[in-house]
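Understanding the architecture of this molecule
Residues per chain, in single letters:
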Amino acid sequence: MALAGVKGIRRGRRREDSRLADHVDRLGEEHPPIPLDSVDYTMKDPDLIVERYSSVLSYMSRVELEVERNVLELNILLPDPPEVDRHFYADVWLPQETHHGLILDRVQVLAGLDASEPNLTDVSFRLKVLGALGRVSAVQDVSRMLYYLTGLATERSAVLAYNKLHSGLVELGERAIAATVVAPIKRQEPGHFAYYQIAARQLWSQLGTWQKWLVRTLRKKTFGPVGADTGEQRVEFGHVMRGLDIVRPGDDTELRHYATQIGRVEHELLWAHRQGLRVPDYVFKALRRAAGAAVDLKGDRRSAVGRSRP
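None of these values were measured; they are calculated from a predicted model.

Glancing now at the packing of aromatic side chains. Taken as a whole and assessed by the stated rule, the structure comprises 9 aromatic pairs. For the pair Tyr195 and Tyr196, a centre-to-centre distance of 6.0 Å together with 80 degrees between the ring planes defines the contact as edge-to-face. On the basis of relative accessibility, which here comes to 3%, the residue Tyr196 falls in the buried class. Connected via pairs of aromatic rings, a cluster forms that spans Phe88, Tyr89, Tyr147, Tyr148, Tyr195 and Tyr196. For the cation-ring pair, Arg62 lies above Tyr59, with the distance from its terminal atom to the ring centre recorded as 4.9 Å. In this structure, Arg256 is placed above the aromatic ring of Phe284, and the distance from its NZ or CZ to the ring centre is 4.1 Å.

When pLDDT is averaged along the protein chain, the result is 87, and 89% of the positions lie at 70 or above. In this model, residues 1-13 is a region of pLDDT below 50 whose contacts with residues beyond four sequence positions or in other chains number 2 contacts. Note that pLDDT drops below 50 for residues 299-310; the model gives that stretch 28 contacts with residues more than four away or on any other chain.

This part is about the packing of helix 2 (residues 46-65) against helix 9 (residues 231-243). At a minimum axis distance of 8 Å, the contact between helix 2 and helix 9 shows a crossing angle of 130 degrees. Between helix 2 and helix 9, the angle falls in the class oblique. For the pair helix 2 and helix 9, the crossing hand works out as left-handed. Here helix 2 contributes Arg52, Tyr53, Ser55, Val56, Tyr59 and Arg62 to the contact with helix 9, which in turn contributes Gln233, Glu236, Phe237, His239, Val240 and Gly243. A per-class count over the contact of helix 2 with helix 9 returns 5 nonpolar, 4 polar and 3 charged.

Attention shifts here to helix 3 (residues 67-77). Among all positions in helix 3, only Val67, Arg69, Asn70, Val71, Glu73, Leu74 and Leu77 are buried. Check the buried side of helix 3 and you find it contacts helix 2, helix 4 (83-111), helix 5 (125-133) and helix 6 (137-171).

The end-to-end C-alpha distance of helix 4, which contains 29 residues, comes to 41 Å, matching closely the 42 Å that a straight helix rising 1.5 Å per residue would cover. Along helix 4, the largest kink reaches about 45 degrees and is centred on Trp93; proline Pro95 follows within four residues of it. At the exit of helix 4 stands Gly112, carrying a positive phi of roughly 110 degrees.

The next subject is the side chain of Gln108. For Gln108, the position within the fold is in helix 4. Separated by 3.4 Å, the side chain of Gln108 and the backbone oxygen of Asp114 make a polar contact.

The rules we used
- Residues numbered from 1 in each chain as written.
- Predicted model: local features only at pLDDT ≥ 70, side-chain atom pairs only at ≥ 80, totals over all residues.
- Heavy atoms only, no water.
- Phe/Tyr/Trp six-rings, centres within 6.5 Å; stacked < 30°, edge-to-face > 60°.
- Buried < 20%, exposed > 50% of the residue type's maximum accessible area, 1.4 Å probe, protein only.
- Lys NZ or Arg CZ within 6 Å of the ring centre and 35° of its normal.
- pLDDT = per-residue confidence, 0-100.
- Contact = heavy atoms within 4.5 Å.
- Axes fitted to C-alpha atoms, helices over the stretch in contact; angles between N-to-C directions.
- Helix = DSSP H or I, 4+ residues; strand = E, 2+ residues; numbered from the N terminus.
- Parallel < 35°, antiparallel > 145°, perpendicular 65-115°, else oblique.
- Left-handed = near helix turned anticlockwise from the far one by under 90°.
- Nonpolar A, V, L, I, M, F, W, Y, C, P; charged D, E, K, R; others polar.
- Expected span 1.5 Å × (residues − 1).
- Bend = angle between axes of the 7 residues up to and from the residue.
- Polar contact = N/O pair within 3.5 Å; in protein donor to acceptor, adjacent residues only side chain to side chain.

Laid out in structure tokens, this is it:
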């Protein structure tokens, strides 16, 4: 009976992987990397774009370009992942996101900002340890769950940010880059979010009690905004939230809404048993710390003083 049960689980996982694989194939077919020569970089007022969105462009271009390192991290973190995961992050997600970064970086350089300097090689010791432990399949399933949860929060955050950036550029009359840069990028992000959501729901239902406890514990201790691994980067992320009007002086309403949107699926999966909890508190606290750091260290290190036209 035990052997039959294992076979049943494996068959179920193959069916689930097949559904995910179909989703990935559709993403690759319907949303190929944005052609670099399809972008109209015309800007009516580059100085105004820099004034309003220098921190946003700087942060987003760096984070998008750092997917190259993220794939390196995933290869270490997940020594034996399901093939559908590898296909997603190596064949679909990586080329799409890389083109996002290249296009955004070109925008900021043409606007007069410095080019991005992404970290493409450094992998944290913590990830290396998790990768070594991940040779045990039960531990790797915990790492996979953390990967999906990080992806959910990251992609939802990206969707919200790109929507706000698009609206802001349209209001400034910068219709060319709004239509040919931001709009195509924001059309690709929801498909990534959907992948992580499907994968997370499927895996969570298969985890044992101790694995779920470990996921909750590690997630609570390690949650942070994507690309904000250092104090300086947290300040930069705080500037992004200010630039997108997510953080408003003396009013946390918009920030709480943003945190709720980012943590909604995570709450439904990990914390459904906590009655009355609208969003994991560590999500809101991490965002508010970044916002506070940006207020404490006023100004943008990539301000107009340090800019030079190409």
